[in-house]
Amino acid sequence: MKLAREAFDTNGPKLLEDAGSFLTAKLVQEILNGASGSDYPKPYPAGVAEGATGFVGVITSNLRRSIGAEKVEQFEVRVKQINATLAPYHDEMITWSAQKYGKNFYEIAVQLYGPAVAKQIIAFASRIVKDADNLKKLTYKNPFPG
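Read on for a plain summary of the structure. Remember, it's a predicted structure, so these values are computed and weren't measured experimentally.

1. Topic: the pairing of strand β2 (residues 76-81)
In step 1: Relative to β2, strand β1 (residues 67-73) runs antiparallel, the two sharing six bridges. Residue pairing for β2: A69 is matched across the bridge by V79.
In step 2: Hairpin connection from β1 to β2: two residues lie between these consecutive antiparallel strands.

As structure tokens, this is what we get:
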């Protein structure tokens, strides 16, 4: 049990930080990567479905650059706007995306990429148990592609 607890306490926060980075990357590269420029109407996906991208159009990249993963506590990481001065219209875009898709762009990211994060968390917990049963110290490696 001691090996499992140490592995969890040491590597759990790393996993959560990597998950936050993965989700942030997917959010800014896949969700907030719609058609650029100020010409309207812009093409948008018809709905939230696997493989769909470009939910929010881009005039500048300020909204994307304003979002990041923030460590709140040892086992809590939040993906949110971390620099409001870059994109003061952030909240308006949340409202717009919720009206257009029934979910805001953060919720869309969780729907599309949350299962991949959950899968890695379960695999991580399984590795902790397996390694502890074998009296091995867990070696952590970022499981998220990127």
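2. As for the packing of aromatic side chains
In step 1: If you walk through the whole model with that rule in mind, you get seven aromatic pairs.
In step 2: On the numbers, 5.0 Å between centres and 15 degrees between planes, the contact of F8 with F75 is stacked. Of this pair, F8 sits in helix α1 (residues 2-31) while F75 sits in the loop between β1 and β2, placing them 67 residues apart in sequence.
In step 3: Exposure remark for F8: the relative accessible area of 36% places this residue in the partly exposed category.
In step 4: With a relative accessible area of 35%, F75 lands in the partly exposed category.

3. Notes on the packing of helix α3 (residues 90-101) against helix α4 (residues 105-133)
When two helices pack together, their arrangement is given by the angle between their axes and by how far apart the axes lie.
In step 1: Where α3 contacts α4, the two axes come as close as 8 Å, and the packing angle between them is 60 degrees. Put simply, α3 runs oblique to α4. Residues H90, M93, I94, S97 and Y101 of α3 form the contact with α4, whose own contacting residues are F105, Y106 and I108.
In step 2: Of the residues in the contact of α3 with α4, the class split is six nonpolar, two polar and no charged.

4. Some remarks on α4
In step 1: The terminal C-alpha atoms of α4, which comprises 29 residues, lie 41 Å apart, in line with the 42 Å expected from a rise of 1.5 Å per residue.
In step 2: If you look at α4, its biggest bend is around 55 degrees, right at Y113, and the proline P115 turns up within four residues after that.
In step 3: For α4, the capping residue at the N-terminal end is N104, with a side-chain oxygen 2.8 Å from the backbone nitrogen of Y106.
In step 4: Immediately beyond the C-terminal end of α4, within one or two residues, lies L135, with a positive phi of roughly 55 degrees.

5. So, the environment of V110
In step 1: Relative to the elements of secondary structure, V110 occurs in helix α4.
In step 2: Sequence separation of V110 and V77 is 33 residues, and the distance between their C-alpha atoms is 14 Å.
In step 3: Leaving out residues up to four positions away in the same chain, V110 has contacts with L23 and P115.

6. Quick look at unusual backbone geometry
In step 1: Note the cis peptide between Y40 and P41, where omega equals 5 degrees.
In step 2: By the element assignment, P41 lies in the loop between α1 and α2 (62-65).
In step 3: You will see that L135, though not glycine, has its phi angle at about 55 degrees, which is positive.
In step 4: Residue L135 is classed as exposed on the basis of its relative accessible area of 70%.

7. Re the nonpolar core
In step 1: Ranked by internal contacts, the top residues of the largest apolar core, which has 30 residues, are L27, I31, L32, F55, L63, I67 and F105.
In step 2: At 10 residues, the largest contribution of residues to this core is made by α4.
In step 3: When near neighbours in sequence (up to four residues on either side) are disregarded, L63 contacts L32, V56, A87, Y89, H90, M93 and F105.

8. Notes on the layout of surface pockets
In step 1: Reported here for the largest pocket is a volume of approximately 240 Å³.
In step 2: What lines the largest pocket is a set of 15 residues, and nearest its centre among them are G57, V58, I59, Y89 and M93.
In step 3: Contributions of two or more residues to the lining of the largest pocket are made by α2 and α3.
In step 4: The residue inventory of the lining of the largest pocket, partitioned by class, reads 10 nonpolar, three polar and two charged.

Rules used throughout
Residues take numbers from 1 onward in each chain, read along the sequence in its written order. Given that the model is predicted, a residue must reach a pLDDT of at least 70 before its local features are reported, and side-chain atom pairs must reach 80 or more before they are shown or counted; all residues, however, enter totals for whole chains, interfaces and linings. To get the side-chain values, take all heavy atoms of the structure and skip hydrogens and water. Strand pairing requires that DSSP identify at least two bridges connecting the strands. Per the convention used, a helix needs a DSSP run of H or I reaching at least four residues, while a strand needs a run of E reaching at least two, with both numbered from the N terminus. Each pair of aromatic rings taken from Phe, Tyr and Trp, with Trp reduced to its six-membered ring, is defined by centres within 6.5 Å and is described as stacked if the planes are under 30 degrees apart, edge-to-face if over 60, and tilted in the remaining cases. Relative accessibility decides the category of a residue: with a 1.4 Å probe and only protein chains considered, values under 20% of the type maximum give buried, values over 50% give exposed, and everything between is partly exposed. Axis lines are fitted through C-alpha atoms, for helices just across the contact stretch, and the angle between N-to-C directions can take any value from 0 to 180 degrees. An angle counts as roughly parallel when it lies under 35 degrees, as roughly antiparallel when it exceeds 145, as roughly perpendicular when it falls between 65 and 115, and as oblique in every other case. By definition in these notes, contact holds between two residues if any of their heavy atoms fall within 4.5 Å. Residues are sorted three ways: Asp, Glu, Lys and Arg are charged, Ala, Val, Leu, Ile, Met, Phe, Trp, Tyr, Cys and Pro are nonpolar, and all the rest, Gly among them, are polar. To estimate the expected span of a helix, count its residues, drop one, and scale the result by 1.5 Å. The term bend refers to the angle at a residue between two fitted axes, each drawn through seven residues, those ending there and those starting there. Side-chain atoms alone can form a polar contact between residues adjacent in sequence; in general such a contact is a pair of N or O atoms within 3.5 Å, and within protein one must be able to donate a hydrogen while the other accepts it. Take the buried Ala, Val, Leu, Ile, Met, Phe, Trp, Tyr and Cys residues and link them wherever side-chain atoms come within 4.5 Å; each set so joined is a nonpolar core. Only protein atoms enter the 1 Å grid used here. Points where a 1.4 Å probe fits but cannot escape make up a cavity, open sets with protein on both sides within 12 Å along at least five of seven lines make up a pocket, and a residue lines them when an atom lies within 4 Å of a point. Grid points are joined across faces, edges and corners, and a volume is the space filled by probe spheres set on the points.

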